[in-house]
Amino acid sequence: MAGPRRGRGRGGLVAAVCLAAAVAGCGGSAGGGAVPSTARAGASAAADRGGPRPPAVPAAAAAPAVPAVLPGPARAEEETSSEAVARRADAARAALETTRRWGLARLPLPAPQPPAGRPELRAAQGVKLADGLPPVVYRVPTEQPIVFLTVDDGAEKDPEFSRMAAELGIPLSTFVADYLARSDYGYFRRLSEQGDAVNNHTINHRNLKVLDYATQRDEICRQQDQLEGQIGTRPRLFRPPYGEYNEDTLRAAGSCGIEAVPLWNEEAFPDRMEYRYEDQRLHPGDIILTHFRGTDLWPGSMPDLLRKVVDEVTAQGFALARLDDYL
Ligand SMILES: [Zn+2]
């Protein structure tokens, strides 16, 4: 069954996009031109590009005990530079082809490697800390040019949307309400299997603020149990419906094992983004909210929505990272 670390399983795909981005010059980022540090440091890929390769002699000299005719796998890879270049070119072509196929304006910027451990939350703009309660977070404190996409509720279960996110290497954190998801938890199980997080958004999606503590606790804890049973992982993150909460909500959530309560600074629709702040742009660590909604309620499909978000995020010089790796 699903283990909590499975969320990192998308590394290969991200790495492929990253590698491709390194070769392709990250598709020409617009605003600020910020390239996450791993894209720069990640690789010998970038360093190799164009420049003459150093002679193989130093590597051989560093390990004289290994016969030159039987190089270890790593060295073999290092030494066959034309093959490595060809592989990178193939990866770049594949990434560009994927980008075009989904109709994106340009290659998404690669997310940096997630931190080894989740950083401890400090008091900052966009973070509300209170003793003994899970923190409420509108923006994750970070200097990196990353933002996070969160998808709520669960009414529309569009397989094209999950396929698009997987093929583009876009990580999602979802917040699922049982009454909308229960007709097909398999959809969310598959999202979880492809590395996306499935988090708690209560059983019935009621406005918790008007409910007493016991009822709030029931709404949150029962959804913890339900998701653990259906998905195989007990969520660490919880988002109250409508973003409405009081101290009872946080106390109840904490008692059900919730570690953080992410809200949002931007909301995305298939045809536009809405910004909380007057500068009308993204900031490092911003959390973007959107919903599993279909064309019955929206002027576009879920893939239209993802295209809008990714293009907007890329144009502003940001990469989409996985919220659950940072909170
Ligand atoms: Zn909701």
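Residues numbered from 1 in each chain as written. Predicted model: local features only at pLDDT ≥ 70, side-chain atom pairs only at ≥ 80, totals over all residues. Heavy atoms only, no water.

Caption draft 1: Structural context of the sheet that holds strand 2 (residues 136–137). Strand order in the open sheet formed by 3 strands is 1-2-6, and the pairing between neighbours is mixed. If you trace the sheet from one side to the other, it starts and ends with strand 1 (127–128) and strand 6 (261–262), each paired once. As paired elements, strand 2 and strand 6 share 2 bridges and run parallel to each other. Note that in strand 6 the partner of V136 across the bridge is V261. (Pairing = 2+ DSSP bridges. Helix = DSSP H or I, 4+ residues; strand = E, 2+ residues; numbered from the N terminus.)

Caption draft 2: Fine view of helix 6 (residues 81–101). With 21 residues, helix 6 should cover 30 Å at 1.5 Å per step; its first-to-last C-alpha distance of 30 Å lies within 8% of that length. Buried within helix 6 we find A84, R88, A92, A95, T98 and T99. Down the axis of helix 6, the buried side of the element spans an arc of 125°, and every buried residue falls inside it. Exposed and oriented more than 90 degrees from the buried face of helix 6 are S82, R93 and R100. (Expected span 1.5 Å × (residues − 1). Buried < 20%, exposed > 50% of the residue type's maximum accessible area, 1.4 Å probe, protein only. Arc of directions from axis to C-beta.)

Caption draft 3: Representation of the packing of aromatic side chains. Taken as a whole and assessed by the stated rule, the structure comprises 7 aromatic pairs. Geometry around Y213 places R251 over its ring, the cationic atom sitting 4.4 Å from the centre. The ring of F269 is capped by R272, whose NZ or CZ atom sits 4.0 Å from the centre of that ring. (Phe/Tyr/Trp six-rings, centres within 6.5 Å; stacked < 30°, edge-to-face > 60°. Lys NZ or Arg CZ within 6 Å of the ring centre and 35° of its normal.)

Caption draft 4: How the structure looks around the packing of helix 9 (residues 185–193) against helix 10 (residues 213–231). Their axes nearest at 9 Å, the elements helix 9 and helix 10 cross at an angle of 75°. Comparing the axis directions of helix 9 and helix 10 gives the class roughly perpendicular. Between helix 9 and helix 10, the residues in contact are Y185, F188, R189 and S192 and Q223, Q226, L227, Q230 and I231, respectively. Tallied by class, the residues present in the contact of helix 9 with helix 10 amount to 4 nonpolar, 4 polar and 1 charged. (Axes fitted to C-alpha atoms, helices over the stretch in contact; angles between N-to-C directions. Parallel < 35°, antiparallel > 145°, perpendicular 65-115°, else oblique. Contact = heavy atoms within 4.5 Å. Nonpolar A, V, L, I, M, F, W, Y, C, P; charged D, E, K, R; others polar.)

Caption draft 5: Layout of the nonpolar core. If you look at the biggest cluster of nonpolar residues, it comprises 36 residues, and the most contacted ones within it are F161, F188, I288 and V309. Broken down by secondary-structure element, the contributors of at least two residues to this core are strand 3 (146–153), helix 7 (159–168), helix 9, helix 10, strand 7 (266–269), strand 8 (272–275) and helix 12 (302–315). If one sorts the elements of this core by residue count, helix 12 sits on top with 6 residues. Here F188 is in contact with G154, K157, V176, A181, V198, I231 and F292, once residues within four sequence places are set aside. (Core = buried A, V, L, I, M, F, W, Y, C linked by side-chain atoms within 4.5 Å.)

Caption draft 6: The side chain of R139, seen in detail. Counting through the fold element by element, R139 comes out in the loop between strand 2 and strand 3. Judged by its relative accessible area of 15%, R139 falls in the buried class. Reaching out from R139, the side chain makes a polar contact with the side chain of D286 at a distance of 3.2 Å. The contacts of R139, once residues within four sequence positions are left out, are Q125, G126, V127, N265, Y277, H283, P284, G285, D286 and I287. (Polar contact = N/O pair within 3.5 Å; in protein donor to acceptor, adjacent residues only side chain to side chain.)

Caption draft 7: Region of the structure containing the pairing of strand 7. Alternating residues of strand 7 divide into E266 and A268 and E267 and F269, and every residue in both groups is buried. Relative to strand 8, strand 7 runs antiparallel, the two sharing 4 bridges. Bridging from a neighbouring strand, F269 pairs with R272 of strand 8. Where strand 7 hands over to strand 8, the hairpin turn is made up of 2 residues, counted between the paired strands.

Caption draft 8: Summary view of the pattern of salt bridges. Evaluation of the coordinates by the stated rule reveals 20 salt bridges. Its salt-bridge partner being E167, residue R163 comes within 3.1 Å of it at the nearest N-O pair. Residue R163 and its partner E167 are located together in helix 7, separated by 4 residues, close to a single helical turn. By relative accessible area, R163 is classed as partly exposed at 38%. What makes E167 partly exposed here is its relative accessible area of 24%. Shared partners join several salt bridges into a network, and the residues in it are E97, R101, E160, R163 and E167. (Salt bridge = Lys/Arg side-chain N within 4 Å of Asp/Glu carboxyl O.)

Caption draft 9: Seen up close, the confidence of the model for the protein chain. Averaged over all residues, the pLDDT of the protein chain is 82; the fraction at 70 or higher stands at 76%. Here residues 1–75 is modelled with pLDDT under 50, and outside its nearest four sequence neighbours on either side it reaches 94 contacts, counting other chains as well. (pLDDT = per-residue confidence, 0-100.)

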